[in-house]
Amino acid sequence: MEVKTSLLDNMIGVGDMVLLEPLTEDSFLENLKKRFDHNEIYTYIGSVVISLNPYRSLPIYTPDKVEEYRNRNFYELSPHIYALADEAYRSLRDQDKDQCILITGESGAGKTEASKLVMSYVAAVCGKGQEVNKVKEQLLQSNPVLEAFGNAKTVRNDNSSRFGKYMDIEFDFKGDPLGGVISNYLLEKSRVVKQPRGERNFHIFYQLLSGASDDTLKKLKLERDFSKYNYLSLDSATVSGLDDAANFRTVRNAMQIVGFMEDEMQSVLELVAAVLKLGNIEFKPESRCNGMDESRIKDKNDLKEMCELLGTEQSVLERAFSYRTVEAKMEKVSTTLNVAQAYYARDALAKNLYSRLFSWLVTRINESIKAQAKTRHKVMGVLDIYGFEIFEDNSFEQFIINYCNEKLQQIFIELTLREEQEEYIREGIEWTNIEYFNNAVICDLIENNQNGILAMLDEECLRPGTVTDETFLDKLNTICADHQHFESRLSKNSKFLNDHSLPHNCFRIQHYAGKVLYRVEGFVDKNNDLLYRDLSQAMYKANHSLIKQLFPEGNPAKVNLKRPPTAGFQFKASVGTLMSNLQSKNPNYIRCIKPNDKKASHVFNGSLVCHQARYLGLMENVRVRRAGYAFRQAYEPCLERYKMLCKKTWPHWKGRARQGVEVLMTDLQVPAEEFSYGRSKIFIRNPRTLFFLEEKRKQCLEDLATLIQKIYKGWKCRSHFLLLKKSQVVVASWFRRYAQQKKYQKIKHATTMVQSYTRGWQARKLLRKLKYQKKCEEAVTTIAAFWHGTQVRREYRKFFRANAGKKIYNFTIQRIMQKYFLGLKSKLPSMSPIDKTWPARPYSFLDGVHAELRRIFHLWRCKKYRSQFTEEKKAVYEEKLEASELFKDKKALYPSSVRQPFKGDYLEISKNPKYQKLSSAVDEKILLADVVNKINRANGKGSSRLFLLTKKNVVLADQKTGQLKANVPLADLASVSTSTQTDGFFALKLKEGSASAVKGDFLLSSDHLIEIITKLHRIGSMAADREKLNIDISDEFLVQFKQDKVCVKFIQGSPKNGNSVSCKRKNNRLLEVSVPASS
Ligand SMILES: Nc1ncnc2c1ncn2[C@@H]1O[C@H](COP(=O)(O)OP(=O)(O)OP(=O)(O)O)[C@@H](O)[C@H]1O
Ligand SMILES: [Mg+2]
């Protein structure tokens, strides 16, 4: 954000009219317009603020703005009302100077707004705290109350102040507000009973009817309808942008804050309602017997209600509207009032009621806001008074208002000049007299006690006899005729005899702000401001505390026959007080200007503004201000602002500021008559000189800016360059490091590579060498071997030829065999005799050996196997072996016997008591005992026999009894026959002629055939004394049955035989054994 240090920075037009060059009315207006068009509504004339009404809210009153202007010098920032308020507040607080802020301007120019802005600014910047805030709030809230009762919509302003207001705000030594005092001036009370077209009555009437609750209205006997009340103009009852209902709430709230009691508020509203009711009272004429007209009240209802509201007796009031009592010299004379007089009386009562209520409100507010502390106060007065008024039809009010403005103008000129003069003296500058228009002469025309217009008017009013407005004008015509500012058609001054712009019933005054034509009609009446005593007494009688207070003259005990002071007189007196009050203070001016008549934003009506500028005497103001020296500035800020224009003062001036400024001015060769050195300020005569300085400063600033830019850019480039350079070094070093690292790695890699190649090459070379050496060595060995061989062979050639082949062969064979045996040894099969595996033979020439070794190995394995056997087991196996020799592949029964162990004794005869006898008969060891089937020779059927075998005999015995049936010595056995088949039949053939052979051969059948025959054979072969027993295996053999030889024939049995062997005697010669076919 740009920081301002002077009003002169970025000015739109000129911020201070004093600097206007050339100073003409046109340039003045042009400057105002230019600034207004750029939303710069404030412009200075020295310390005076001109304010143009923007007619729209501008964002220039924010808390930020307050902060911006707070504690800043007046000329430091753009013109603003805050700058003025700040200046006033600070000189009040810091320099202990009472201040007054005079806000003037025509109706609608923004005076009231300006006064509120000043108050709000002061409230914002002054101290804080609970008590202080309460005071502030009460002071601020007095505004809405007074505005509601004292403001009205007019054609010029929707919120026009219809009274003058001066408010003294009191501060303690710290600058904290303590309280205030409000003075009011001349309320436009005529408005209560009549409003010009397009205007309204005072706001409070509309606010009350719009905003009050139904209940309140009922209490006040009012209806929510403007049209019901004669005193309320209807054509502009509602104003756009004005919310009466909301404002009513604001007013009530404000009254509360200010400190009004609830009953007080109620009383006030009752009075307001009474005024409305009063307006509705109408009169009708009634002829009396004496021929005089009398007035009568048309409809007494409103009167009744009003009386109820005010607590007055209806009859008293009714009478007061019908009669007028005049008391003179102890005499009381009652005259009846005609209708016109009755209306006059009614309106006078209404006006008085309202204006007195308004004054009471001011007094009541003052009571609340008055400073509590008795210490000395500092005071800031804010004057918001009606501006100069020039209407088409100007009456007594305008006259009074304009008189007030004349007085203000006078004080303005006086104070401005005085201030100027004081400053010159203070600063030790020679004072040159300033030519200006002094309006004291106009003030004198109005207020002179002898022949002033107001004095004349009072004289007329007080004079006995018929007094009319015309007589008053006549008086003026004679007395003021010679006055240069008074104009009248009928005056002695023949100048105006033919001036048709001047009607006969008017007089014209040349005010400082222009000529104003006043119509004399009503002057006398208004000045008298008469309220018939009957009415004031009737009011006093009211049973209403507030009304009683308002009409003290109605107290019969205090009947005062003296006429009350006239309105003109009162006003003159209060203006006089105001003026002396203002004169004792340091003035600050805000001159408000209205840019157009349409209340429109953005519209600047040149002629309207010009007119206001003229009557506000603004040009005059500029001239006075410029008469001596147009511009002044304290040395310090001046030197600070222009020091760059001189080498000696730039950039720092060591000495005192004044000397610095002197050096500066000399250096710049500013003509001596153009400026003067004051004690603390330099005074510049012409704005030209100031602009010359400003122009130079601007150029210099540009040069300086360029220089600063240049140096800055240089510095920036250099620092950038240095940074780049530094960075480059860093980057380069890093890069070099990186590059070197890479290079090093490359070299390292290459070195390793070369090294590895070299090593490889060397290794290969070495390898080659070693290989070569080895080859050489081998070659040497070979050669040596060969050589040795050759040698040996040469030496042993003679032997070699005969044996070498054999030896080599043997050796080779030996080696092969060795290898073969060692291989075989490691691959030998398991020791199980039934393991059939055998390693494959390596060489075919070893076929035989291999098979032989297999056999040997098998035999050896069997032998080993056998060698583990006990004698018994051995015998068993020997028997099994023998059985095998006997029957293998000869008898089909054999294979099934292999698995059956040869137990021998199947019967355990010795243990069986049944066979005890038998066992004792056989005294030898029984080798076999079994049950056999003895085949009956006759039919081939079998019968069971015990079959016992000893070393010498075969014994057959009865199975059941054990009775010995046959005992055949083995020596008698010739042979044993059996079939080739699976049957167990066998025949024991006896030697012919032996003792046993008598009964014939035995044909037996046993389950242990193989064992039996094997054992028989074995015994036979072991006995040395006997021949070997023959074993005959065939399917047909002969058996000797006693004498017959019977052929036993074995045939394959048919299936009907089942699985059993059947034996049948076919005939004498044939015994057929049918054996089931083996599967
Ligand atoms: N500074 C401002 N910013 C915005 N609007 C403004 C400003 N000053 C005045 N106005 C507008 O102009 C209207 C009239 O202003 P204001 O009531 O202050 O005039 P006035 O000079 O007091 O008139 P009167 O003499 O009739 O009382 C205000 O209601 C408001 O709308
Ligand atoms: Mg106002």
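From a predicted model like this one, the values you see are computed outputs, not experimental measurements.

S.K.: Explain the overall build of the protein chain to me, and be specific about the residues and the numbers.
M.R.: Each helix and strand counted, the protein chain has 31 helices and 31 strands in total. For the protein chain, whose C-alpha radius of gyration is 81 Å, the value lies well above the compact-globule estimate of 31 Å for 1079 residues. By its C-alpha atoms, the protein chain is 225 × 105 × 55 Å across when sized along the principal axes. Looking at the protein chain as a whole, 48% of its 1079 residues qualify as buried. Relative to all contacts within the protein chain whose residues are 6 or more apart in sequence, the contacts with residues 24 or more apart total 63%. Counting only carbon and sulfur atoms, one obtains 53% of the accessible surface of the protein chain, whose full area is about 56100 Å². Both charge centroids of the protein chain, one from 169 positive and one from 129 negative side chains, sit 22 Å from each other.

S.K.: Go over the side chain of D347, please, and point to the residues and values.
M.R.: Mapped onto the fold, D347 is located in helix α13 (residues 339–369). The buried category is assigned to D347, whose relative accessible area is 18%. Not counting chain neighbours up to four residues away, the residues in contact with D347 comprise V193 and Y231.

S.K.: Could you give an account of the pairing of strand β29 (residues 1044–1053), naming the residues involved and the relevant values?
M.R.: The pairing of strand β28 (residues 1036–1041) with β29 spans 6 bridges and is classified as antiparallel. If you follow F1037 over to β29, its bridge partner there is V1048. Taking the residues that link successive antiparallel strands as the turn, the β28-β29 hairpin has 2 residues, and the phi of K1042 there is positive, at about 45°.

S.K.: How would you explain the coordination of the magnesium ion (ligand 2) if you had to name every residue and give the values?
M.R.: Protein ligation of the magnesium ion (ligand 2) involves T112 (OG1) and S161 (OG), the donor distances falling in the range 1.9 to 2.0 Å. One end of the pair, T112, is in helix α4 (residues 111–125); the other, S161, is in strand β5 (residues 160–161), with 49 residues separating them in the sequence.

S.K.: For the site of ligand 1, give the residues involved together with the corresponding values.
M.R.: For ligand 1, the set of nearby residues contains 17 residues, the closest of which are N53, S107, K111, T112 and S160. A distance of 2.9 Å separates an oxygen atom of ligand 1 from a polar backbone atom of E113. N157 has a polar side-chain atom sitting 2.9 Å from an oxygen atom of ligand 1. Protein chains bury 86% of the 620 Å² of accessible surface belonging to ligand 1 in isolation. Those elements that provide at least two residues to the shell around ligand 1 are α4 and β5. In terms of residue count, the dominant contributor to the shell around ligand 1 is α4 (3 residues).

S.K.: I'd like to hear about the pairing of strand β22 (residues 953–958), residue by residue, with values.
M.R.: Along β22, 6 of the 6 residues are buried, which leaves the element largely enclosed by surrounding structure. Burial of the side chains of β22 extends over both faces: N953, V955 and A957 are buried on one face and V954, L956 and D958 on the other. The pairing of strand β21 (residues 942–949) with β22 spans 5 bridges and is classified as antiparallel. Opposite L948, over in β22, you have V955 as the bridge partner. Connecting β21 to the antiparallel partner β22 that follows it, the hairpin turn spans 3 residues. Both β22 and strand β23 (residues 964–969) contribute to a ladder of 5 bridges, which runs antiparallel. Across the sheet, residue V955 finds its bridge partner in β23, namely N967. Following β22, the chain reverses through 5 residues before pairing antiparallel with β23; G962 in that reversal takes a positive phi of roughly 80°.

S.K.: Mind laying out a nonpolar patch on the surface, listing which residues take part and the relevant values?
M.R.: On the surface, I708, Y712 and W715 cluster together into a nonpolar patch covering about 370 Å² of accessible area. Considering the arrangement of structural elements, one finds I708 in helix α26 (residues 687–826). Its relative accessible area of 54% is what places I708 among the exposed residues.

S.K.: Describe in detail the packing of helix α10 (residues 262–280) against α13, supporting the description with residues and values.
M.R.: At a minimum axis distance of 9 Å, the contact between α10 and α13 shows a crossing angle of 160°. Classified by the angle between their axes, α10 and α13 sit roughly antiparallel to one another. Taken as a pair, α10 and α13 cross one another with a handedness that is left-handed. In this structure, α10 contributes E264, V268, L271, V272, A274, V275, L278 and G279 to the contact, and α13 contributes R346, L349, A350, L353, Y354, L357, W360, L361 and R364. By residue class, the composition of the contact of α10 with α13 is 13 nonpolar, 1 polar and 3 charged.

S.K.: Please set out the pattern of salt bridges residue by residue, giving values where relevant.
M.R.: Counted under the stated rule, the structure contains 65 salt bridges. E423 is the salt-bridge partner of R426, the closest N and O atoms lying 3.8 Å from each other. Taken together, the residues span about one helical turn, with R426 and E423 both in helix α14 (residues 396–427) at a distance of 3 residues. Here K1045 ties to E992 by a salt bridge, and the two come within 3.9 Å at their closest N and O atoms. Placement of K1045 in strand β29 and of E992 in the loop between β25 (985–990) and β26 (1002–1005) is noted, with a sequence separation of 53 residues between them. The exposure class assigned to K1045 is partly exposed, which follows from its relative accessible area of 34%.

S.K.: I'd like a rundown of the environment of C646, residues and numbers included.
M.R.: By the secondary structure assignment, C646 is in the loop between α24 (635–642) and α25 (657–668). Every residue in contact with C646, bar those within four places of it in the chain, is listed here: V663, L664 and D667.

S.K.: So what about the sheet that holds strand β16 (residues 586–593)? Which residues, and what values?
M.R.: Reading across the sheet, the 7 strands line up as β1-β2-β16-β3-β12-β6-β7 and stay open at both edges, with mixed pairing between neighbours. Edge strands, defined here as strands with exactly one partner in the open sheet, are β1 (42–45) and β7 (177–185). Direction aside, the axes of adjacent strands within the sheet are offset by 20° on average. Where helix α1 (residues 25–37) meets the sheet, it contacts β1, β2 (48–52) and β16, and its direction lies at approximately 145° from that of β1. Where helix α21 (residues 567–583) meets the sheet, its contacts fall on β3 (99–105), β6 (164–171), β7 and β12 (378–384), and the angle it forms with β6 comes to roughly 35°.

S.K.: Tell me about the packing of aromatic side chains, residues and numbers included.
M.R.: Within the structure shown, the criterion is met by 36 aromatic pairs. Ring geometry for F163 and F358: centres 4.8 Å apart, planes at 65°, overall edge-to-face. Linking F163 in the loop between β5 and β6 with F358 in helix α13, this pair joins segments that are 195 residues apart in sequence. Chaining the aromatic ring pairs together yields one cluster made of F396, F399, F472, F486, F507, Y518 and F523. The ring of Y323 has R319 sitting right over it, with the charged end atom 4.4 Å from the ring centre.

S.K.: An account of helix α28 (residues 871–887) is needed here, citing residue identities and associated values.
M.R.: Look at α28: 24 Å from first C-alpha to last across 17 residues, which is about the 24 Å you get at 1.5 Å a residue. Among all positions in α28, only E879, K880, E882, A883, S884, L886 and F887 are buried. For α28, the secondary structure elements touched by its buried residues are α29 (894–898), β24 (973–978), α31 (1009–1022) and β27 (1030–1033). Once α28 ends, the next one or two residues include D889, with phi positive near 65°.

S.K.: Go over the environment of P503 with me, naming the residues and quoting the values.
M.R.: Tracing the backbone shows P503 in the loop between β13 (486–488) and β14 (506–511). Accessibility expressed as a relative area gives 32% for P503, which makes it partly exposed. The spatial distance from the C-alpha of P503 to the C-alpha of V14 is 44 Å, given a sequence separation of 489 residues. Leaving out residues up to four positions away in the same chain, P503 has contacts with R489 and L517.

S.K.: Which residues make up the nonpolar core, and what values go with them?
M.R.: Core analysis: the largest hydrophobic core is formed by 214 residues, its most contacted members being F28, F149, F205, F321 and F507. When residues of this core are assigned to their parent elements, the largest contribution, 15 residues, is made by α13. Discounting chain neighbours no more than four positions away, the residues touching F149 are F202, I204, V268, V272, Y354, L357, F358 and L361. With 30 residues, the next largest nonpolar core counts L886, Y894, V968 and I1010 among its residues.

S.K.: Give me helix α23 (residues 618–627): which residues, what numbers.
M.R.: Within α23, 7 of the 10 residues are buried, which leaves the element mostly enclosed by the surrounding structure. Residues of α23 that are buried: L618, M619, N621, V622, V624, R625 and R626.

Rules behind the numbers
- Residues numbered from 1 in each chain as written.
- Chains lettered and ligands numbered in written order.
- Predicted model: local features only at pLDDT ≥ 70, side-chain atom pairs only at ≥ 80, totals over all residues.
- Heavy atoms only, no water.
- Helix = DSSP H or I, 4+ residues; strand = E, 2+ residues; numbered from the N terminus.
- Rg over C-alpha atoms; globule rule 2.2 N^0.38 Å.
- Buried < 20%, exposed > 50% of the residue type's maximum accessible area, 1.4 Å probe, protein only.
- Contact = heavy atoms within 4.5 Å.
- Areas by Shrake-Rupley, 256 points an atom, 1.4 Å probe, with all protein chains shown as cover.
- Lys, Arg positive; Asp, Glu negative; His and termini not counted.
- Charge placed at Lys NZ, Arg CZ, Asp CG, Glu CD.
- Pairing = 2+ DSSP bridges.
- Donors = N, O, S within 2.8 Å, 3.2 Å for Na, K, Ca; no water.
- Near = heavy atom within 4 Å.
- Polar contact = N/O pair within 3.5 Å; in protein donor to acceptor, adjacent residues only side chain to side chain.
- Patch = residues over 30% accessible without salt bridge, like charges linked within 9 Å, V, L, I, M, F, W, Y side chains within 5 Å.
- Salt bridge = Lys/Arg side-chain N within 4 Å of Asp/Glu carboxyl O.
- Axes fitted to C-alpha atoms, helices over the stretch in contact; angles between N-to-C directions.
- Parallel < 35°, antiparallel > 145°, perpendicular 65-115°, else oblique.
- Left-handed = near helix turned anticlockwise from the far one by under 90°.
- Nonpolar A, V, L, I, M, F, W, Y, C, P; charged D, E, K, R; others polar.
- Phe/Tyr/Trp six-rings, centres within 6.5 Å; stacked < 30°, edge-to-face > 60°.
- Lys NZ or Arg CZ within 6 Å of the ring centre and 35° of its normal.
- Expected span 1.5 Å × (residues − 1).
- Core = buried A, V, L, I, M, F, W, Y, C linked by side-chain atoms within 4.5 Å.

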